[in-house]
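Working through the structure, step by step
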Amino acid sequence: MSVTATAYEAVMGIECHVELKTETKMFCGCRNIFGAEPNTNVCPTCLGLPGALPVPNRVALELLVKAGLAFDAEIPAFSKFDRKNYFYPDMPKDYQISQFDMPLTQGGVVKYWLPDGTQRSCRLTRIHLEEDTGKSTHAGSRDGRIAGSTYSLVDFNRAGVPLMECVSEPDIRTAAEAVAYLEALKRTFVALGVSDVKMEEGSLRCDVNLSLRPVGATEYGTKAEIKNMNSFNSVGRAIESEIARQTAILEGGGRVVQETRGWDEAAGTTHTMRSKEQAHDYRYFPDPDLTPIEFAPQDVERLRRELGSLPYERLERLIETDKLRVEQAHQIIDTPGLYGYYAAAAGLSGKPQATLNFVLGDLSRLANETNTPVASCGVTPEALAEIVALTEGQTINSKTAKELLARVWVEGGSPKAIVAAEGLGQVSDAGAIDAIVAGVLAANEKTVEEYRAGKTKVMGFLVGQVMKASRGKANPTLAEERLRAHLA
Ligand SMILES: [Zn+2]
């Protein structure tokens, strides 16, 4: 690298569109479901027929307020819907009902952790509510794009589905931060029951605004907006690709053009889609068919109480208090029912790390093999806490623990009682182990000679023989210690 090269940092803000999980659409009684036969969930209102009037969906309003409260956003007492005017073939009214200057929530902050354990945060500008458009399918072209297609089909089932838009401040600097931020949003919306957040079904779509500036500069550079990413992985790749493109332009003495760019998954690059519209191009005005929305303080407080324990708070406990690795903590939070199970078992055992090793190890493996969630298997949190105590107290060895877990997984019951009744406790008595060791050494003279000749790796074999002779109950650490003593 040349010593005179300027180092650039990326500045990113993210806009996320998330479809809300409601029974019905935003302004009519049509069903809100994915994958129905095209144009079967439609009515005069969501088809924009003359004279049809919108009625706001109370559940959607409340879900959006809850989403805001989960990130400590402010809920203004007064909010309204506006018309955003533009033509689009899959938007029959020629305008979209959205929110312009008085959104349902303002501000807030999303806190998240990066895989290396650092905590970051990104401020929210606002979360507002709007209606989704219909969906066009362009046929006859090679790649499904409108260019080169011979005809287009439109499905209005999605028209009028409640859609929330989360707009962030430009607080994100790297692709890893962008992905961790999106995962934090997703985790929270799923926990609140606000949305399914399935990118593959289009219930979460996001756009990234990205500009570069010299490290240390305070002014922002010219930004490009990137669209059409269909997974969190593509968001990360699109950002890396766009940072490389803008860096090359700036290093070559050029200027970045403000525009909207599409992500091409196969090519791994972004391409120009259109020059960016400005807010005034949409001629926003208050929707005369809809009265302003008022949220009484007691309603906001009721919704706040309904939030329950948030993923952020649970992660904070797992990472900061229980000292779990970020990846492990995410795995626990992202598996349904696992957090409650782990928290109960760790609370009973008092050994978070040992409990976690069983939960993410043997229990998760059994869950996969039997297709049963850990939370509903025969090993109750109490039973797991007993196993942890038996193992940590050296009463049983890890082999016995594994066998006990598999057995209690199916049969249920108390591991402690089984160990007592069947004498499964490991042999940690030096005298008893010495007797077994003597027998093993006598029966394996050739191996003993090899060990004495310097082939020390045969120790593993000898320990195995002691374990076998004790029917799995010998304390393996003690067995090796006694073998070494005998062979010294
Ligand atoms: Zn409808």
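The structure displayed is predicted, hence computed values, not measured ones.

So, about the domain arrangement of the protein chain. We note that the domain assignment places domain 1 (8–300), domain 2 (335–422) and domain 3 (430–487) within the protein chain. Between domain 2 and domain 3, the C-alpha centre-to-centre distance is 30 Å. Listed per partner, the contact involves four residues of domain 2 and six residues of domain 3. Here domain 2 and domain 3 share an interface that buries about 290 Å² over both sides, 34% of which is from carbon and sulfur atoms. Contact with domain 3 buries area across many residues of domain 2, yet Q394, N397 and K399 alone supply 86% of it, more than any other trio.

If you trace the backbone, H17 turns up in strand β1 (residues 8–19). Within the local environment of H17, its side chain forms a polar contact with the side chain of E165, the two groups lying 2.9 Å apart. Setting aside chain neighbours within four positions, we find H17 in contact with E130, L163, M164, E165, S203, L204, R205 and D207.

Before going further, it helps to spend a moment on the coordination of the zinc ion. The protein atoms that coordinate the zinc ion are C28 (SG), C30 (SG), C43 (SG) and C46 (SG), at distances spanning 2.3 to 2.4 Å. For the zinc ion, all donor residues lie on one chain, and their spacing in sequence is C-x1-C-x12-C-x2-C. Linking C28 in the loop between β1 and α1 (58–70) with C46 in the loop between β1 and α1, this pair joins segments that are 18 residues apart in sequence. On the basis of relative accessible area, C46 is assigned to the buried category, the value being 7%.

In this section: empty space enclosed by the protein. Gaps left between atoms show up when a probe the size of a water molecule is rolled over them. Tallied over the full model, the rule gives one cavity of 30 Å³ or more. Of the voids in this model, the largest cavity is the one considered here, and its volume is about 50 Å³. C46, M91, P92, K93, E131, D132, T133, A159 and G160 together form the lining of the largest cavity. Its residues assigned to classes, the lining of the largest cavity shows four nonpolar, two polar and three charged.

Another point: the pairing of strand β6 (residues 109–113). Pairing geometry for β6 and strand β7 (residues 119–131), over five bridges, is antiparallel. If you follow V110 over to β7, its bridge partner there is C122. Connecting β6 to the next strand, β7, in antiparallel fashion are five residues, including G117 with a positive phi near 100°.

As a further point, take the nonpolar core. Most often, soluble globular proteins have nonpolar side chains that are buried together. Judged by nonpolar contacts, the single largest core of 64 residues is most densely connected at I14, F81, L129, M164, Y181, F189 and V208. Ranked by residues supplied to this core, first place goes to helix α2 (residues 175–192) with 10 residues. With residues near it in sequence (within four places) discarded, V208 still touches M12, G13, I14, A224, E225, I226, M229, V235 and I239. Counting residues in each nonpolar core, the second largest holds 40 residues, with A343, L363, C377 and I418 among its members.

Ordered by their spatial adjacency, three strands build an open sheet running β4-β3-β15, and the pairing between neighbours is antiparallel. The two strands at the open ends of the sheet, each matched to only one other strand, are β4 (95–98) and β15 (285–286). With two bridges connecting them, strand β3 (residues 82–85) and β15 associate as antiparallel partners. Across the sheet, residue D82 finds its bridge partner in β15, namely P286.

A word on the state of the cysteines. Here a disulfide denotes one covalent bond, and it connects the sulfur atoms of two cysteines. Going through the model one piece at a time under the given rule, you end up with zero disulfides. No disulfide involves C166; its sulfur sits 5.9 Å from that of C16, the nearest cysteine.

It is worth spelling out the environment of W113 at this point. By secondary structure assignment, the location of W113 is in strand β6. Sequence separation of W113 and Y181 is 68 residues, and the distance between their C-alpha atoms is 8.5 Å. Residue contacts for W113: discarding those within four places in its chain leaves T118, Q119, A180, Y312, L315, E316, I319, E320, V326 and H330. In terms of polar contacts, W113 uses its side chain to reach the side chain of E320, at 3.1 Å.

Reading guide: rules and limits
- Positions within a chain are numbered from 1, following the residues in the order the chain's sequence is written.
- Local features in this predicted model are restricted to residues whose pLDDT is 70 or higher, and side-chain atom pairs enter the listing and the counts only when it is 80 or higher, whereas totals over whole chains, interfaces and linings include all residues.
- Hydrogens and water are ignored here; the side-chain numbers use all heavy atoms of the structure.
- Each domain span listed reflects an automatic or database assignment of domains.
- Contacts between residues were defined by any pair of non-hydrogen atoms, one from each residue, lying within 4.5 Å.
- When two parts are put together, the accessible area they lose, computed with a 1.4 Å probe and summed over both, is reported as buried area.
- Helix and strand labels come from DSSP, where a helix needs a run of H or I of at least four residues and a strand needs a run of E of at least two; each type is numbered from the N terminus.
- Counting of polar contacts relies on pairs of N or O atoms within 3.5 Å, with two restrictions inside protein: one atom must be capable of donating a hydrogen and the other of accepting it, and residues adjacent in sequence are counted only when both atoms are side-chain atoms.
- In this description, a donor is an N, O or S atom within 2.8 Å of the metal centre, a cutoff extended to 3.2 Å for sodium, potassium and calcium. Water is not part of the atom list, which can make sites seem incomplete.
- Think of it in three bands: residues with accessible area under 20% of the maximum for their type are buried, residues over 50% are exposed, and the middle band is partly exposed, with areas taken using a 1.4 Å probe on protein chains only.
- Of the two site types, the cavity is a set of points on a 1 Å grid over the protein atoms alone where a 1.4 Å probe fits but cannot get out, and the pocket is an open set with protein on both sides within 12 Å along at least five of seven lines, each lined by residues with an atom within 4 Å of a point.
- Grid points are joined across faces, edges and corners, and a volume is the space filled by probe spheres set on the points.
- Following the grouping adopted for this structure description, the nonpolar residues are Ala, Val, Leu, Ile, Met, Phe, Trp, Tyr, Cys and Pro, the charged ones are Asp, Glu, Lys and Arg, and the polar ones are all others, Gly among them.
- Any two strands with at least two DSSP-identified bridges between them are counted as paired.
- Joining through side-chain atoms within 4.5 Å is the link that ties buried Ala, Val, Leu, Ile, Met, Phe, Trp, Tyr and Cys residues into a set, and such a set is a nonpolar core.
- Count a disulfide wherever a pair of cysteine sulfur atoms falls within 2.5 Å.

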